[in-house]
Amino acid sequence: MTHSSTELHSASPAALISAVERPVPYVGAGDAGGGGLLHSTSLESLIVLLTTARAQAHARYLSAHFSSPEEEARLSQRLVLYCSDQCQPMLKKAARCIGIRHIRVLKTVYSPHVHNYPMQPDMLKASLAEDVANGLYPLLVCGVFGARTTGAVDPLEELAEICHRIKVWFHIDASHSGLALAASAASAAYGFRDGAGQSGEFASVDEKDAAAERMWEQCTSTFHRAALLADSIHFGVSTSFLPTLSANISAHCCTSQMWPR
């Protein structure tokens, strides 16, 4: 690994964590805690994510339910990935690449309360209970922050609490809309919005814009609380976002995976 590549992997996750106003537990120092990784493609990033989650599932379920490590292959065939139909398709492709056979795609319906298509926590809990009763083992639950096609935002905090209680990996897919968090933080820092959250000099006074602003603030607040319980977060970034480094970077797009301490 070149010096510039090492610098990129060290500086960029820290810059992203700072930009989206994540708390200290996401800033790693050596072996002490959380941090982040850059990947060249989303598929690569998601394969690493699912492989890591599978390794943790093996350690947890093998010690609790199986008598010998030889049952590992058998366990792998019974792991289940949970996501909604708003999740990016690349996650399902990554699961198939590493041999995850059971993928629960939960159907969403339009919610007039949030004006999009969120995952329903009750449906997730019912699916988890049904699969466990049938001898399957939850691998990972993916919540969405801003779906590519509809902009859907799942009830991330509630999903995170469910996963935290049953000790299942909770992942937030912010690959499409996650960097809007950084833009939102930057606009506040440069005074585009005043401290009370009202429209500033550069904002429209249209009522629909004001309603959208309130909805965005609610979504970001939910994201920040859920991120404290999440095991990983997936962002899509471009080199225009990355900090200035000592050498030119040839890649034009990469993805970042973050995890808390």
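The shown structure was predicted, so the numbers you read here are calculated from the model rather than taken from an experiment.

A. Structural detail: the overall build of the protein chain. When helices and strands are counted, the protein chain shows eight helices and seven strands. Put simply, the protein chain has 261 residues, and 43% of those count as buried. Across the protein chain, every contact between residues at least 6 apart in sequence was considered, and the portion connecting residues at least 24 apart equals 70%. Only carbon and sulfur atoms are counted for the fraction: they give 55% of the accessible area of the protein chain, which is about 13,400 Å².

B. View of the pattern of salt bridges. According to the stated counting rule, one finds four salt bridges in the structure shown. For the salt bridge of Asp131 with Arg104, the shortest nitrogen-to-oxygen distance reads 2.9 Å. Taken together, the positions of Asp131 in helix 5 (residues 121–133) and Arg104 in strand 3 (residues 102–106) put the pair 27 residues apart, joining distant regions of the chain. Given the relative accessible area of 4%, Asp131 is considered buried. Looking at Arg104, the relative accessible area reads 23%, which means it is partly exposed. Salt-bridge contacts for Arg225 lead to Glu157; the nearest nitrogen and oxygen are separated by 2.8 Å. Within this pair, whereas Arg225 is found in helix 8 (residues 207–227), its partner Glu157 is found in helix 6 (residues 156–166), the two being separated by 68 residues in sequence. Residues participating in the shared-partner salt-bridge network are Arg104, Glu130 and Asp131.

C. Seen up close, helix 6. For helix 6, the complete set of buried residues consists of Leu156, Leu159, Ala160, Ile162 and Cys163. The buried side chains of helix 6 occupy one side of the element, clustering within an arc of 160 degrees when seen end-on. Structural note: helix 6 exposes His164 and Arg165 on the side pointing more than 90 degrees away from its buried face. Taken from the residues just after helix 6, Lys167 is the one with a positive phi, measuring 60 degrees.

D. Representation of the confidence of the model for the protein chain. Within the protein chain, residue pLDDT values average 75, and 63% of them lie at 70 or more. A low-confidence stretch, residues 194–205 stays under pLDDT 50, and its non-local contacts, those more than four residues away or across chains, total nine contacts. In the predicted structure, residues 239–254 sits below a pLDDT of 50 and forms 32 contacts with residues beyond four places in sequence or in another chain.

E. The pairing of strand 4 (residues 137–144), seen in detail. Of all eight residues in strand 4, eight are buried, a share of seventy percent or more. Two strands pair when backbone bridges link them, and strand 2 (residues 79–84) and strand 4 are joined in this way by four bridges, in the parallel orientation. Its bridge partner being in strand 4, Val80 is matched across the sheet by Pro138. Bridge count between strand 4 and strand 5 (residues 169–174): five bridges; the pairing is parallel. Residue pairing for strand 5: Val144 is matched across the bridge by Asp173. Taken together, strand 4, helix 6 and strand 5 constitute a β-α-β crossover, and its handedness is right-handed.

Thresholds applied
- Residues numbered from 1 in each chain as written.
- Predicted model: local features only at pLDDT ≥ 70, side-chain atom pairs only at ≥ 80, totals over all residues.
- Heavy atoms only, no water.
- Helix = DSSP H or I, 4+ residues; strand = E, 2+ residues; numbered from the N terminus.
- Buried < 20%, exposed > 50% of the residue type's maximum accessible area, 1.4 Å probe, protein only.
- Contact = heavy atoms within 4.5 Å.
- Areas by Shrake-Rupley, 256 points an atom, 1.4 Å probe, with all protein chains shown as cover.
- Salt bridge = Lys/Arg side-chain N within 4 Å of Asp/Glu carboxyl O.
- Arc of directions from axis to C-beta.
- pLDDT = per-residue confidence, 0-100.
- Pairing = 2+ DSSP bridges.
- Right-handed = clockwise from strand over helix to strand, strands pointing away.

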